[in-house]
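As a plain string of letters, each chain reads:
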Amino acid sequence: MASPKTLRDVLPVFQTPFHTDESVDFATLEKEIDWLYGRGAHGIVMGMVSETLRLSADERKAVAARVCAASNGRGPVVISAGAESTRVAVEFAKHAESVGADAVMVIPPISVAVGENELLAYYEAIIGSISIPVVVQDASGYVGRPMSIAMQAALFTKNGQRVCFKPEATPLGPRLSALRGAAGPNALIFEGSGGVALVDNYVRGVQGSMPGADLVDAIVALWRALQLGDQARIDVLSPLITALNSMQHSLDAYLAVEKHLLVKQGVFKNTVVRGPTGFALDAHTRTEVDRIFGLMRRAAA
């Protein structure tokens, strides 16, 4: 079993590149993984902005296997295993472990509002089916519904550090502190706001950050500044990260901006997102994204 202590620092969530026909571009995906490690990522995560919910089951498994192989032991790999049924989530979790994942990250079902006992049973089944850690992701900042602090703490109390957390329900800071208080000081918690709340969450005791891949330079620089207590550098980087994230108000907005910036940095060939989508990056927004990103890039250098 991989130790959950290997999960720490900056673990970017990769974006899934597509060819113009919307098939997965595996060559560019491998390039992205190499690029992330080269920019200081400690590990790699497959999550919501990997367009996981827009991939077929076979594609999810193929992407998971390719990412684990491409990581090649350079850092821990966390693979998304959440699904609309317990049976399918267990299948994804088992597959992730079989191809070398160091942990899985699991959102609850989002199409139905299930009771707390059902949700506990869902997570317990996944935890019991594998030997690697499970990151419980409350992604309700943009999909689904908030999970109770008590339920999450109960999972940790029963399973210990087999269970980690990525809380994204609002208000972020107070809920993170409540989770820390309920689960105790040994619970591993990761920041999931794209870096917006990283300064506040760092003080509240997060183990690391799981941002989008496009801002890896700035997030790594901010994380290191936090570790060093470099307040001047923190005060420059954090407002720029917040300003850029303020234009990413939905999952589709994150995808549009992140893929645009990955093209801008020479990682992706195009900005293809699988539709239907609820957001298009217009010329004015793109200009402002580019302006702030330029400032951020210089500040992170």
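Residues numbered from 1 in each chain as written. Predicted model: local features only at pLDDT ≥ 70, side-chain atom pairs only at ≥ 80, totals over all residues. Heavy atoms only, no water.

## Digging into the overall build of the protein chain
Of regular secondary structure, the protein chain possesses eleven helices and eight strands. Taken over C-alpha atoms, the radius of gyration comes to 18 Å for the protein chain, in line with the 19 Å a tight globule of 301 residues would show. For the protein chain, buried positions account for 57% of its 301 residues. Counting only contacts in the protein chain whose residues sit at least 6 apart along the sequence, the fraction spanning at least 24 positions is 74%. Entry remark: accessible area of the protein chain is about 11,800 Å², with carbon and sulfur atoms responsible for 53%. Side chains of the protein chain carry 28 positive and 30 negative charges; the gap between the two charge centres is 3 Å. (Helix = DSSP H or I, 4+ residues; strand = E, 2+ residues; numbered from the N terminus. Rg over C-alpha atoms; globule rule 2.2 N^0.38 Å. Buried < 20%, exposed > 50% of the residue type's maximum accessible area, 1.4 Å probe, protein only. Contact = heavy atoms within 4.5 Å. Areas by Shrake-Rupley, 256 points an atom, 1.4 Å probe, with all protein chains shown as cover. Lys, Arg positive; Asp, Glu negative; His and termini not counted. Charge placed at Lys NZ, Arg CZ, Asp CG, Glu CD.)

## Some remarks on the nonpolar core
Side chains of nonpolar character tend, in soluble globular proteins, to be buried together. With 86 residues, the main nonpolar core has Phe14, Val104 and Leu244 as its most contacted residues. With nine residues, helix α8 (residues 216-228) is the single largest residue contributor to this core. For Val104, the residues in contact, after removing those within four places along its chain, are Val78, Ile79, Ala81, Ala93, Ala96, Ile130, Ile132, Pro133, Val134 and Val135. Counting residues in hydrophobic clusters, the runner-up holds 21 residues, among them Val13, Ala103, Ala139 and Val143. (Core = buried A, V, L, I, M, F, W, Y, C linked by side-chain atoms within 4.5 Å.)

## What about the pairing of strand β3 (residues 77-80)?
With burial as the criterion, each face of β3 is covered, one bearing Val77 and Ile79 and the other bearing Val78 and Ser80. Sheet topology places strand β2 (residues 44-45) next to β3; two bridges connect them, and they run parallel. Bridge pairing links Val45 to Val78 in β3. The pairing of β3 with strand β4 (residues 103-106) spans three bridges and is classified as parallel. (Pairing = 2+ DSSP bridges.)

## Some remarks on the sheet that holds strand β5 (residues 134-138)
With respect to topology, five strands assemble into an open sheet ordered β2-β3-β4-β5-β6, the strand pairing being parallel. Edge positions in the open sheet fall to β2 and β6 (163-167), since each of these has one partner strand only. Along the sheet, helix α5 (residues 149-159) contacts β5 and β6; its crossing angle with β6, the most-contacted strand, is approximately 160°. (Axes fitted to C-alpha atoms, helices over the stretch in contact; angles between N-to-C directions.)

## So, the packing of aromatic side chains
This model, assessed by the stated rule, comprises three aromatic pairs. Residues Phe156 and Phe165 carry aromatic rings whose centres are separated by 6.4 Å and whose planes lie at 50° to one another, so their mutual orientation is tilted. Take Phe156 and Phe165: they sit in the same class, and that class is buried. Relative to Trp223, the ring of Tyr202 has its centre 5.2 Å away and its plane inclined at 85°; by these criteria the two rings are edge-to-face. Placement of the pair is Tyr202 in helix α7 (residues 198-203) and Trp223 in helix α8, with a sequence separation of 21 residues. (Phe/Tyr/Trp six-rings, centres within 6.5 Å; stacked < 30°, edge-to-face > 60°.)

## Some points on the sheet that holds strand β7 (residues 190-191)
Reading across the sheet, the three strands line up as β1-β8-β7 and stay open at both edges, with parallel pairing between neighbours. Because the sheet does not close on itself, it has two edges, and the strands there are β1 (9-10) and β7. As defined by bridge partners, β1 adjoins strand β8 (residues 208-209) across two bridges and the pair is classed as parallel. The residue bridging Asp9 from the neighbouring strand is Gly208, located in β8.

## Concerning the pairing of β5
Each regular strand carries side chains that alternate between the two faces of the sheet. With five of its five residues buried, β5 lies for the most part within the structure. Burial along β5 is two-sided: the face carrying Val134, Val136 and Asp138 and the face carrying Val135 and Gln137 are both buried. On the question of chirality, the crossover connecting β4 to the parallel β5 by way of helix α4 (residues 116-129) is right-handed. Between β5 and its parallel partner β6, the chain crosses via α5, and the hand of that crossover is right-handed. (Right-handed = clockwise from strand over helix to strand, strands pointing away.)

## A few points about the pattern of salt bridges
Following the criterion strictly, the structure yields 15 salt bridges and no others. Close ionic contact of Glu124 with Lys158 constitutes a salt bridge, the shortest N to O distance being 3.6 Å. Of this pair, Glu124 sits in helix α4 while Lys158 sits in helix α5, placing them 34 residues apart in sequence. For Glu288, the salt bridge goes to Arg291, with nearest N and O atoms at 2.8 Å. (Salt bridge = Lys/Arg side-chain N within 4 Å of Asp/Glu carboxyl O.)

## Concerning the environment of Thr86
Following the sequence through the fold, Thr86 ends up in helix α3 (residues 86-98). Taking relative accessible area as the criterion, Thr86 reaches 32% and is therefore assigned partly exposed. A sequence separation of 22 residues divides Thr86 from Pro108, and the C-alpha atoms of the two residues are 9.4 Å apart. In this structure, Thr86 is in contact with Tyr122 and Ala125, ignoring residues within four places of it in sequence.

## Examining the confidence of the model for the protein chain
Caution is warranted with low-pLDDT regions, since their predicted coordinates should not be read in detail. For the protein chain, the average pLDDT comes to 95, and 98% of its residues sit at 70 or higher. The model gives residues 1-5 a pLDDT under 50, and that stretch makes twelve contacts with residues more than four places away or in other chains. (pLDDT = per-residue confidence, 0-100.)

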